[in-house]
Amino acid sequence: KPVHRKSAFERFPTDANMLWAAHVANSTVMHSSDWLFVGDDDSMPFEREIQRQVRGLSSAEPNVLGYVGFSTPRVRLQRGSAELTRPVPCRAADVCAGGTEGDERNNSEHGCCACPTAPSANGWKVSWSKGVASYRVPPLFFYGGTGILLSRGVLDAITSADWVSCTQRMLCGPSDDRLLTCIYNLLPRVCAIHVDQNENFMRGALQRAGVPAAVWNDAVWNNALWSTMSAAPIHGIRIIAHFADSPAHCPWSMHKLDTSCIQVVYNASMHCHGHAPAAHVGSQKFVTPVGRDACWWRAEQQERKRLQAKFGWGDAATAPFEELHVRSELARRNELAEKGRGACKVVVTEEQSRLACEYGVTYGCVDERTVWTRCRGQFRCGGQAHVTFRCGFPPGRPLYHCNCSSALSKLAHSVVARHSKVHKPGPLGGPFRVFFYGEPGAVAAEKAANYHVVLCIAVARERALRPENTFWAPMRHFSMLRPPVNASALSTRPVDMLYQSSNCDPQREQFAQTVRRIFEGKGLRFEHSGACTAGSSRPRYIKGQDAVLTTKMMISMSRNQRPDSEALDEKLALPMLHGAALPLYVGTGHRLAKRAGYPMHAIIDRADFNSDGEAAEAAANLAKDPAGLDERQKQVLKFEPKYGSFGGRAYVASRNFSFATKQVQVRVSNNRKSPIFLEHLHFLFGGRYDFVWGPRGDVIVDQCCW
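The model shown is predicted, which means the values in this text are computed figures rather than measured ones.

Reading the values: the criteria
Residues numbered from 1 in each chain as written. Predicted model: local features only at pLDDT ≥ 70, side-chain atom pairs only at ≥ 80, totals over all residues. Heavy atoms only, no water. Helix = DSSP H or I, 4+ residues; strand = E, 2+ residues; numbered from the N terminus. Buried < 20%, exposed > 50% of the residue type's maximum accessible area, 1.4 Å probe, protein only. Areas by Shrake-Rupley, 256 points an atom, 1.4 Å probe, with all protein chains shown as cover. Disulfide = S-S within 2.5 Å. Phe/Tyr/Trp six-rings, centres within 6.5 Å; stacked < 30°, edge-to-face > 60°. Lys NZ or Arg CZ within 6 Å of the ring centre and 35° of its normal. Pairing = 2+ DSSP bridges. Axes fitted to C-alpha atoms, helices over the stretch in contact; angles between N-to-C directions. Expected span 1.5 Å × (residues − 1). Contact = heavy atoms within 4.5 Å. Polar contact = N/O pair within 3.5 Å; in protein donor to acceptor, adjacent residues only side chain to side chain. Parallel < 35°, antiparallel > 145°, perpendicular 65-115°, else oblique. Left-handed = near helix turned anticlockwise from the far one by under 90°. Nonpolar A, V, L, I, M, F, W, Y, C, P; charged D, E, K, R; others polar. Salt bridge = Lys/Arg side-chain N within 4 Å of Asp/Glu carboxyl O. Core = buried A, V, L, I, M, F, W, Y, C linked by side-chain atoms within 4.5 Å.

Engineer: What is the right way to look at the overall build of the chain in this model?
Structural biologist: If you tally the helices and strands in the chain, you get 22 helices and 32 strands. When the 706 residues of the chain are sorted by exposure, 54% land in the buried category. If you sum the accessible surface of the chain, you get close to 30900 Å²; carbon and sulfur atoms cover 52% of it.

In structure tokens, the structure reads:
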């Protein structure tokens with residue numbers, strides 16, 4: 001319980017624990033250790049990320065690492081660090097004013113001396129009337145719950161007597177504030193290094209969780225400092241899945257995990273705790289718990305019941321929870337719009353553009369049968385409960401008008417119903433058949449009906465035309481890549497725009513020629529490094545990844561340009577992952593890219609402009625803006641490609657497909673094996689089985705075209 005609250009920094013007796021821990025460690029184990037991690041009793045550190053953060057730092061230097069929770073304006077964190085020098089000694093006139101919780105910020109900004117203490121029968125006590133304040137408040141604080149890392153250079157430079165004295169007399173404030181106050185006052189200098197990996201990890205985890213934009217940053221920040229996964233099931237699902245999605249990246253720590261989450265997090269993150277790959281047994285490496293053993297299970301069940309009761313969704317108990325989360329947000333918007341609309345009865349069932357669909361702002365009614373929109377998506381008119389239509393296509397126009405006609409949707413429902421085979425859920429009585437399709441174009445319903453699951457790079461835009469077992473998935477090994485961190489800044493690169501293509505389709509060439517003419521007209525450098533020249537008379541530029549590393553931007557045209565489909569192939573990711581360059585994107589995969597965590601604000605998207613010329617002008621203006629280029633590149637450098645089909649995995653889980661043995665043998669019908677097939681199967685089944693090549697054919701793969 002609190003001692004008393006006379007001081008802004010006086011709180012709990014246990015707040016001395018971090019200081020005592022540092023002193024005891026320095027007196028015992030630090031002769032053989034380089035770094036000391038000090039945290040709360042509910043902090044879970046991730047050893048591999050901690051080792052990565054100290055790589056290149058000298059443990060002999062006075063370095064302190066952690067999450068900077070607060071810093072005053074006089075501290076400038078240059079490249080995430082600040083050097084603090086010992087303050088001037090305290091005087092009687094420097095004692096901090098104020099005596100209520102929440103004055104920490106004021107005291108930090110004034111640099112006053114905190115916590116006046118006087119001798120007592122049991123050592124020291126806080127005394128505002130007779131005490132002396134010996135320690136000046138530092139200009140920044142680390143958040144102790146996520147852990148603070150101290151170098152041997154910090155601990156060795158403070159004598160045992162000074163540690164004891166500061167621990168006994170610094171009786172005010174939370175433990176993390178006390179620790180940094182002592183270090184700040186007892187060392188000639190110390191380098192404070194901000195670690196933002198928790199925030200980066202949570203940002204990557206939650207950017208595909210359907211969290212409303214208005215609260216997204218708060219959700220990232222809250223999970224970076226203390227876990228809310230057990231209270232918010234959509235957070236828990238994505239955070240756990242992100243460990244498997246991004247095995248190369250781990251958080252620095254997790255704090256305040258619900259007790260039911262601890263084992264779940266540990267199982268999913270064994271690779272983050274320094275275990276060698278050989279230590280993992282089969283699927284333990286990327287286990288993604290589902291069902292009653294997941295700590296958010298009860299919260300998810302409550303939320304499903306609420307959604308079912310509110311909206312009457314028949315699939316609320318079985319549909320993928322991410323999909324329900326997005327649908328509920330759209331329903332909330334439609335509910336708000338309903339209160340303000342008159343005779344207009346059009347609602348949005350699915351957004352398919354970066355621009356949000358908001359009634360009266362980006363879409364509305366011309367009359368009872370006609371809709372106007374500036375956004376793209378699926379809409380439904382009043383009186384047609386099960387019939388949707390799309391509006392806002394093809395991309396590029398400022399305004400669209402669509403009729404509530406349902407002919408296409410009715411036809412689509414009948415086509416899919418005629419060709420869909422319902423595979424019996426539960427244990428598989430025969431081979432699990434999967435089709436990998438890596439070519440442009442959607443897979444027809446007749447074809448998809450022959451498989452349990454179909455994974456492809458293009459799906460029908462009209463939801464009713466998509467077979468229920470068909471899902472988008474990445475079909476390249478980009479899952480193992482990240483943008484090169486040592487890439488040069490875009491503002492320093494010699495080439496302004498690169499065109500690298502061997503498909504010289506007239507429509508594609510026309511767009512590239514428009515870009516070339518505008519760039520060269522503004523004195524900018526346009527290069528081509530493939531078979532297609534965009535009408536340029538210049539010789540072919542260098543080929544391959546070396547070319548991408550020298551350009552600011554690169555034309556990225558999808559292999560599928562059909563307006564009736566959504567396609568996301570390797571073209572959009574290539575400039576970012578091969579050269580940390582910006583894509584000028586032409587394609588239909590905007591919504592898929594957004595869900596897959598692409599840095600959409602760093603991409604120049606043709607769909608955001610009315611014409612090819614406008615898009616080229618915007619790119620040319622950006623090429624002349626060094627600060628704008630480098631700012632967008634920062635977003636690209638944080639890009640972590642998501643791997644696997646989340647829709648496919650949710651579908652497999654909902655059908656409860658299972659094998660009789662832990663080891664599952666996979667056979668490719670044309671014997672053209674690719675590691676990507678095993679990786680996708682591992683992801684589809686949540687890491688529960690070991691997939692290996694074998695003649696038994698528990699899984700039969702058909703594919704095109706490796």
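Engineer: Could you clarify how one ought to interpret the state of the cysteines in this entry?
Structural biologist: The tally for this structure, following the rule as stated, stands at seven disulfides. Two residues share a disulfide in this structure: Cys 357 and Cys 375, whose sulfurs sit 2.1 Å from each other. When the S-S torsion is 120°, as for the bridge of Cys 357 with Cys 375, the disulfide is right-handed. With Cys 357 in the loop between β14 (347-351) and β15 (363-367) and Cys 375 in the loop between β16 (370-373) and β17 (377-380), the pair connects residues that are 18 residues apart, well separated along the chain. Side by side, Cys 357 and Cys 375 carry an identical accessibility label, which is buried.

Engineer: I keep staring at the packing of aromatic side chains and nothing clicks. Help me out?
Structural biologist: Each aromatic ring pair is specified by the distance between its two centres and by the angle formed by the two planes. Tallied over the full model, the rule gives 25 aromatic pairs. Connected via pairs of aromatic rings, a cluster forms that spans Phe 432, Phe 471, Tyr 651, Phe 657, Phe 659, Phe 685, Tyr 689 and Phe 691. Against the face of Phe 435 rests Lys 447, its NZ or CZ located 4.9 Å from the ring centre.

Engineer: Where do I start with the sheet that holds β14 in this structure?
Structural biologist: Strands in a sheet are paired, the pairing made by backbone hydrogen bonds, and the direction either parallel or antiparallel. Strands sit in the order β14-β17-β18 across an open sheet of three strands; the sheet is antiparallel. Looking along the sheet, the strands with just one partner apiece sit at the ends: β14 and β18 (389-391). Averaged over neighbouring strand pairs, the angle between their axes works out to 40° when direction is ignored.

Engineer: Would you take a moment to explain helix α6 (residues 175-186) for this structure?
Structural biologist: Residue pairs spaced three or four apart in an α-helix point in one direction, given the helix's 3.6 residues per turn. Helix length check: α6, at 12 residues, gives a terminal C-alpha distance of 17 Å against a target of 16 Å (1.5 Å per residue), a fit within 8%. With respect to burial, α6 is a largely interior element, 12 of its 12 residues being buried.

Engineer: Looking at this structure, I do not really get helix α15 (residues 506-521). What am I missing?
Structural biologist: Under the 1.5 Å per step criterion, the end-to-end length of α15 is 22 Å for 16 residues, consistent within 8% with the ideal 22 Å. Restricting attention to buried positions, one finds in α15 the residues Arg 508, Glu 509, Phe 511, Ala 512, Thr 514, Val 515, Arg 516, Ile 518 and Phe 519. Those residues of α15 hidden inside the fold are in contact with β24 (495-499), β25 (526-528), β26 (551-557), β28 (582-586) and α19 (612-623). Measuring from the backbone nitrogen of Gln 507 back to the side-chain oxygen at the start of α15 gives 3.0 Å, which picks out Asp 505 as the cap. Note on α15: the residue one or two positions beyond its end, Gly 523, has a positive phi of about 75°.

Engineer: Could you clarify how one ought to interpret the sheet that holds strand β12 (residues 189-194) in this entry?
Structural biologist: Sheet architecture is open: five strands sit in the order β1-β11-β3-β12-β5, paired in mixed fashion. If you trace the sheet from one side to the other, it starts and ends with β1 (35-38) and β5 (81-85), each paired once. Ignoring strand direction, the axes of neighbouring strands in this sheet form an average angle of 20°. Here β1 pairs with strand β11 (residues 148-151) via four bridges, running antiparallel. For Trp 35, the partnering residue across the bridge sits in β11 and is Ser 151. In this fold α6 packs onto β3 (63-66), β5, β11 and β12, with an angle of close to 25° to the strand it touches most, β11.

Engineer: Even after reading the chapter, I still don't get the environment of Ala 487, so can you show me in this structure?
Structural biologist: Looking at where Ala 487 falls in the secondary structure, it is placed in the loop between β23 (470-472) and β24. Residue classification places Ala 487 among the buried residues on the basis of a relative accessible area of 18%. Between the alpha carbons of Ala 487 and Leu 637 there is a distance of 9.1 Å; along the sequence they are 150 residues apart. Excluding residues within four positions of it along the chain, Ala 487 makes contact with Arg 493, Leu 549, Gly 579 and Ala 580.

Engineer: What exactly am I supposed to notice about the packing of helix α7 (residues 197-206) against helix α9 (residues 233-245) here?
Structural biologist: Think of two packed helices as two axes; the pair is described by the angle between the axes and how far apart they sit. As a packed pair, α7 and α9 sit with axes 8 Å apart at the nearest point and diverge in direction by 110°. Between α7 and α9, the angle falls in the class roughly perpendicular. For α7 against α9, the interelement crossing comes out right-handed. Contacts between α7 and α9 pair Phe 201, Met 202, Gly 204, Ala 205 and Leu 206 from the former with His 235, Arg 238, Ile 239, His 242 and Phe 243 from the latter. Tallied by class, the residues present in the contact of α7 with α9 amount to six nonpolar, three polar and one charged.

Engineer: Where do I start with unusual backbone geometry in this structure?
Structural biologist: Backbone phi values are negative for most residues with the exception of glycine, while trans is the configuration of most peptide bonds. Positive phi outside glycine occurs at Ala 534, with the angle close to 55°. Within the secondary structure, Ala 534 sits in the loop between β25 and α16 (545-548).

Engineer: Mind showing me how you'd approach the side chain of Ser 127 here?
Structural biologist: Relative to the elements of secondary structure, Ser 127 occurs in the loop between β8 (123-126) and β9 (135-136). When residues no more than four places from it in sequence are discounted, the contact partners of Ser 127 are Pro 116, Thr 117 and Ala 118.

Engineer: Got a minute to help me understand the environment of His 528 in this structure?
Structural biologist: With respect to the secondary-structure elements, His 528 resides in strand β25. Given the relative accessible area of 4%, His 528 is considered buried. Not counting residues within four places of it along the chain, the set of residues in contact with His 528 comprises Tyr 499, Thr 533, Ser 536, Arg 538, Pro 539, Arg 540 and Tyr 541. A polar contact of 2.9 Å, which involves the side chain of His 528, links it to the backbone oxygen of Arg 538.

Engineer: Hey, could you run me through the pairing of β24 in this one?
Structural biologist: Successive side chains on a regular strand alternate, one facing one side of the sheet and the next facing the other. Along β24, five of the five residues are buried, which leaves the element largely enclosed by surrounding structure. Where β24 meets β26, three bridges bridge the pair, whose relative direction is parallel. When the bridges of β26 are listed, Val 495 appears paired with Thr 551. Two elements, β24 and β25, share three bridges in a ladder whose sense is parallel. The residue bridging Tyr 499 from the neighbouring strand is His 528, located in β25.

Engineer: Is there a simple way to think about the pattern of salt bridges in this case?
Structural biologist: In a structure, side chains of opposite charge can pair up when their charged atoms sit close to one another. In the structure shown here, the tally under the stated rule is 25 salt bridges. For Glu 631, the salt bridge identified is with Lys 634, shortest N-O distance 3.6 Å. Residue Glu 631 and its partner Lys 634 are located together in helix α20 (residues 626-637), separated by three residues, close to a single helical turn. In the salt-bridge network here, residues are joined through shared partners; they are Glu 350, Arg 466, Glu 566 and Arg 591.

Engineer: So what exactly am I meant to see when it comes to the nonpolar core here?
Structural biologist: Within soluble globular proteins, side chains that are nonpolar tend to cluster in buried spots. Phe 432, Ile 555, Tyr 598, Phe 691 and Val 699 are the most contacted members of the largest nonpolar core, which has 80 residues in total. When near neighbours in sequence (up to four residues on either side) are disregarded, Tyr 598 contacts Leu 568, Leu 572, Ala 573, Met 576, Ala 593, Ile 603 and Phe 639. Ranked by size, the runner-up nonpolar core spans 41 residues in total, among them Met 30, Val 64, Val 126 and Val 137.

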